[in-house]
Amino acid sequence: MTNSTSINLRCSECGKQYSLSEIVNLCQCGKPLLVEYDYALAMKSLTVESLKGRDQNMWKYREMLPVQNRKHVISLGEGGTELLAAQRTGVKLGLKNLLLKDESTNPTGSFKARGLSMAVSRAHELGLNKLIVPTAGNAGSALSAYGARASMEICVVMPSASDPVFITDCQAHGARVELIDGSIKDCGEYAAGLVASEDYFSVATLKEPYRIEGKKTMGYELAEQLGWTLPDVIIYPTGGGTGLIGMWKAFDELEQLGLIDSKRPRMVSVQSEGCAPIVKAFDEGKKEAELWPHPETAALGLRVPSAVGDFLILNAVRESNGTAISVSEQEIYKSTLDLASQEGIFAAPEAGATLAALKKLLASGFVAATDQVVLFLTGSGYKYLEFFRK
Ligand SMILES: Cc1ncc(COP(=O)(O)O)c(C=O)c1O
Ligand SMILES: [Zn+2]
């Protein structure tokens, strides 16, 4: 057993409850399902002390993860990433306490490993063996790798504009790769067709309940690394928003578990000016985002014109007194290079976007020099060589 204390799934919008043994995607009402836990039971073994002795990967929070039986865990050692002080960048920007959560060191080079390890593990537990994902690239790499490890048939549907390295990567892991002229939304529609005609199970962002459970471990780790406190500001590059929503869920869970107090970071959602539906909805005070008509950005993971969890992203940003901000392609490029040349981290452009946003937020006064700020460097730059060669 994994000691999981998960009890059921519940709809994030209408509250309808589902059993954990059901194979489901979205709720009947079309909104994402989230896993619920028995906190009283989890608190018995998930404690500050017990965590100290556990291996440094995301499975150390097993009581609050949905896999029931350890034998179904499909792992490559995801999570347990460093929280690094950004000394040089901090000094340059006049920030005393700037931290980088370096997700680029995850298996397959991005934080997508966390979500896909969890989704593949639960799929394995539920007896599924044909999975499909629409992806900008990194989620496809991760699904292909974990799928290979679990001996599953994997199909990855990717925009043809994605860097060819993602195609090579997925194919090397034995996945079937379908290329679509369009955005990830078009890929999603194509994938839905294959779900219907070829019996794949979709693990599209927030369209199944378990990827978010992997991503939320970034929030658990961050709190633990900061001695069970949270920073003043979290800056997160937002496509589908699973990481942001996941961390927001994690913070509530940690408070229920008695591990942190009620103080929350201001959550900042960063997008590219070439695809900023969340920023637009935030600025206009809307509950949900409108479809972004012509999404374009080199930060491929941010090229998401509509997100099924848009209302959850907007809720978290608003409840936290955070904000949503867009940055230009030039700003993304410059800041991605800053991370490499000043901090030694060759990160993905999505990660660079967080530093670009920080610069703007300091200029506007949203971030103060005394704030403790964490940038989420969600992926490695090695799969974006064309971007750096520009
Ligand atoms: C490197 C990177 N950063 C950020 C994102 C956006 O992540 P999310 O869908 O959790 O908003 C992606 C998604 O593809 C990504 O690959
Ligand atoms: Zn519902």
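In case you missed it, the structure is sitting above this.
What you see is a predicted model; the values in this text were computed from it and never measured. (Residues numbered from 1 in each chain as written. Chains lettered and ligands numbered in written order. Predicted model: local features only at pLDDT ≥ 70, side-chain atom pairs only at ≥ 80, totals over all residues.)

Whenever I open this one, the overall build of the protein confuses me. Can you help?
When its secondary structure is counted, the protein shows 15 helices and 13 strands. Here the C-alpha atoms of the protein give a radius of gyration of 19 Å, agreeing with the 21 Å that 2.2 N^0.38 yields for 390 residues. For the protein, the C-alpha atoms occupy an extent of roughly 50 × 50 × 40 Å along the three principal directions. Counting across all 390 residues of the protein, residues that qualify as buried make up 55%. Within the protein, residue pairs in contact and separated by at least 24 positions form 70% of the contacts whose partners lie at least 6 positions apart. (Helix = DSSP H or I, 4+ residues; strand = E, 2+ residues; numbered from the N terminus. Rg over C-alpha atoms; globule rule 2.2 N^0.38 Å. Buried ≥ 20, exposed ≤ 12 C-beta atoms within 10 Å, placed from the backbone. Contact = placed C-beta atoms within 7 Å.)

Is there a simple way to explain the packing of helix α4 (residues 112-125) against helix α5 (residues 138-149) in this structure?
The description of two packed helices rests on the angle between their axes and on the distance between the axes. Between α4 and α5, whose axes approach to 9 Å, the crossing angle comes to 40 degrees. Here α5 runs oblique to α4, going by the angle between their axes. Crossing of α4 against α5: the hand is right-handed. Packed against α4, whose contacting residues are K112, A113, L116, S117 and V120, the element α5 presents N138, A139, A142, L143, Y146 and G147 at the interface. Split into classes, the residues belonging to the contact of α4 with α5 amount to 7 nonpolar, 3 polar and 1 charged. (Axes fitted to C-alpha atoms, helices over the stretch in contact; angles between N-to-C directions. Parallel < 35°, antiparallel > 145°, perpendicular 65-115°, else oblique. Left-handed = near helix turned anticlockwise from the far one by under 90°. Nonpolar A, V, L, I, M, F, W, Y, C, P; charged D, E, K, R; others polar.)

What is the right way to read the site of ligand 1 from this model?
The full set close to ligand 1 counts 18 residues, and G239, G240, G301, E350 and G379 are the nearest of them. Elements that contribute at least two residues to the shell around ligand 1 include exactly α5 and α10 (242-256). A breakdown of the residues in the shell around ligand 1 according to their chemical character gives 4 nonpolar, 12 polar and 2 charged. (Near = placed C-beta within 6 Å.)

Any chance you could explain the nonpolar core here in plain terms?
One recurring pattern in soluble globular proteins: nonpolar side chains tend to sit buried together. Counting residues in each nonpolar core, the largest one holds 117 residues, and the members touching the most others are L143, I235, V268, A357 and V373. When residues no more than four places from it in sequence are discounted, the contact partners of V268 are V233, I234, I235, Y236, G322, T323, I325, A357 and L361. (Core = buried A, V, L, I, M, F, W, Y, C linked by C-beta atoms within 7 Å.)

Help me understand the sheet that holds strand β4 (residues 83-85) in this model?
The 6 strands lie next to each other as β4-β5-β13-β10-β11-β12, forming an open sheet whose pairing is mixed. Each end of this open sheet is capped by a strand with a single partner; those strands are β4 and β12 (323-327). This sheet shows a mean twist of 25 degrees between the axes of neighbouring strands, independent of strand direction. Where strand β10 (residues 233-237) and strand β13 (residues 372-377) come together, 3 bridges link them in parallel fashion. Paired with V233 across the bridge in β13 is V373. (Pairing = 2+ DSSP bridges.)

I tried to follow helix α12 (residues 310-319) on my own but got confused; where do I start?
Because an α-helix packs 3.6 residues into every turn, residues spaced three or four apart end up facing the same way. Taking burial as the measure, the 10 residues of α12 include 7 buried ones, the bulk of the element. Restricting attention to buried positions, one finds in α12 the residues D310, F311, L312, I313, L314, A316 and V317. Residues of α12 that are buried make contact with α10, β11 (266-272), α11 (277-283) and β12. Phi for N321, located one or two positions after α12, is positive at around 60 degrees.

Quick question: what am I supposed to make of the packing of α5 against helix α6 (residues 164-172) here?
Closest axis-to-axis distance for the α5/α6 pair is 8 Å, and the angle between their directions is 10 degrees. It follows from the interaxial angle that α5 and α6 lie roughly parallel. When α5 is examined against α6, the residues G140, S141 and S144 are found in contact with a partner set consisting of F166, D169 and C170. Broken down by class, the residue content of the contact of α5 with α6 amounts to 2 nonpolar, 3 polar and 1 charged.

Quick question: what am I supposed to make of helix α14 (residues 349-364) here?
Relative to the 22 Å expected for 16 residues at 1.5 Å per residue, α14 spans 23 Å between its end C-alpha atoms, a close match to the ideal helical length. All of the buried residues in α14 are P349, E350, A351, G352, A353, T354, L355, A356, A357, L358 and L361. The secondary structure elements touched by the buried residues of α14 are β10, β11, β12, α13 (329-343), β13 and α15 (385-389). Taken from the residues just after α14, G365 is the one with a positive phi, measuring 90 degrees. (Expected span 1.5 Å × (residues − 1).)

What is the right way to look at unusual backbone geometry in this model?
Among all residues except glycine, the phi angle is most often negative; among peptide bonds, the trans geometry is most common. Unlike most non-glycine residues, W228 shows phi in positive territory, near 60 degrees. Here W228 is to be found in the loop between α9 (217-225) and β10.

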